[in-house]
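Chain and residue survey
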Amino acid sequence: LPLIPLAFVLHLLYLKIITGDWLAFLRAQGIWQKGSFAFSKYFTDLAWHGFKNSAIDLAITILFLVLLYFCFKKLRLSYAVYAAIVLFIPILSGDLMSMSRHVLMSFPSFIILAQWGRKEKVHYAILLLFTMFLAFFTALFVNNYWVA
């Protein structure tokens, strides 16, 4: 366990040697406009899809917040806490950019979707929704658009 903070201190020392700044990793976050949390900024200049303020990332965030609620209701606490951590770290970074990529680690949310999918109509609704997203994101990728 002591190796973990030691590694962090060594990383800070490395940054000091290379850049002259102990906290260069924090200053680099400013390039991505991360670090300042303001919930209202998720809704300003909202575009359907793009580099920032993507309506798709906002919709995925809302979907996984709903799934998180059911994680706490239906799954054991450790799974729900894990899903909350996976979801809230990117949210609290001050930006929803790449949220569709971040939530892929939230396996408890997918367990909830699987439980819902036991009902045939819900199964086909989920299948249709995810197939449409696959087609949309594939089209973006093929046309060299930002896919996040």
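To be clear, the structure that these remarks concern was listed above.
Analysis parameters
Residues numbered from 1 in each chain as written. Predicted model: local features only at pLDDT ≥ 70, side-chain atom pairs only at ≥ 80, totals over all residues. Heavy atoms only, no water. Phe/Tyr/Trp six-rings, centres within 6.5 Å; stacked < 30°, edge-to-face > 60°. Buried < 20%, exposed > 50% of the residue type's maximum accessible area, 1.4 Å probe, protein only. Helix = DSSP H or I, 4+ residues; strand = E, 2+ residues; numbered from the N terminus. Lys NZ or Arg CZ within 6 Å of the ring centre and 35° of its normal. Contact = heavy atoms within 4.5 Å. Arc of directions from axis to C-beta.

Side note on the packing of aromatic side chains
Taken as a whole and judged by the stated rule, the model has 7 aromatic pairs. Centroid distance Y69 to F70: 5.1 Å. Interplanar angle 80°. Geometry classified as edge-to-face. Look at Y69 and you get partly exposed, because its relative accessible area is 48%. Relative to W116, the ring of F70 lies with its centre 5.2 Å away and its plane at 85°, an arrangement referred to as edge-to-face. Of this pair, F70 sits in helix α3 (residues 55-74) while W116 sits in helix α6 (residues 107-116); the two residues are 46 residues apart in sequence, bridging distant segments of the chain. On the basis of relative accessibility, which here comes to 23%, the residue F70 falls in the partly exposed class. Owing to a relative accessible area of 30%, W116 belongs among the partly exposed residues under this scheme. The aromatic ring of Y79 is capped on one face by R76, whose charged end is 4.6 Å from the ring centroid.

Here's the deal with the environment of V86
Relative to the helices and strands, V86 is located in helix α4 (residues 77-91). Classification of V86 by relative accessible area gives buried; the value is 9%. Separated by 20 residues in sequence, V86 and S106 have C-alpha atoms that sit 6.1 Å apart. When sequence neighbours within four positions are dropped, the list of residues in contact with V86 reads H102, M105 and S106.

Comments concerning α6
All of the buried residues along α6 are P108, S109, I112 and L113. One side of α6 carries all its buried residues, which in axial view fall inside an arc of 150°. Buried residues along α6 sit against α3, α4 and α7 (120-142).

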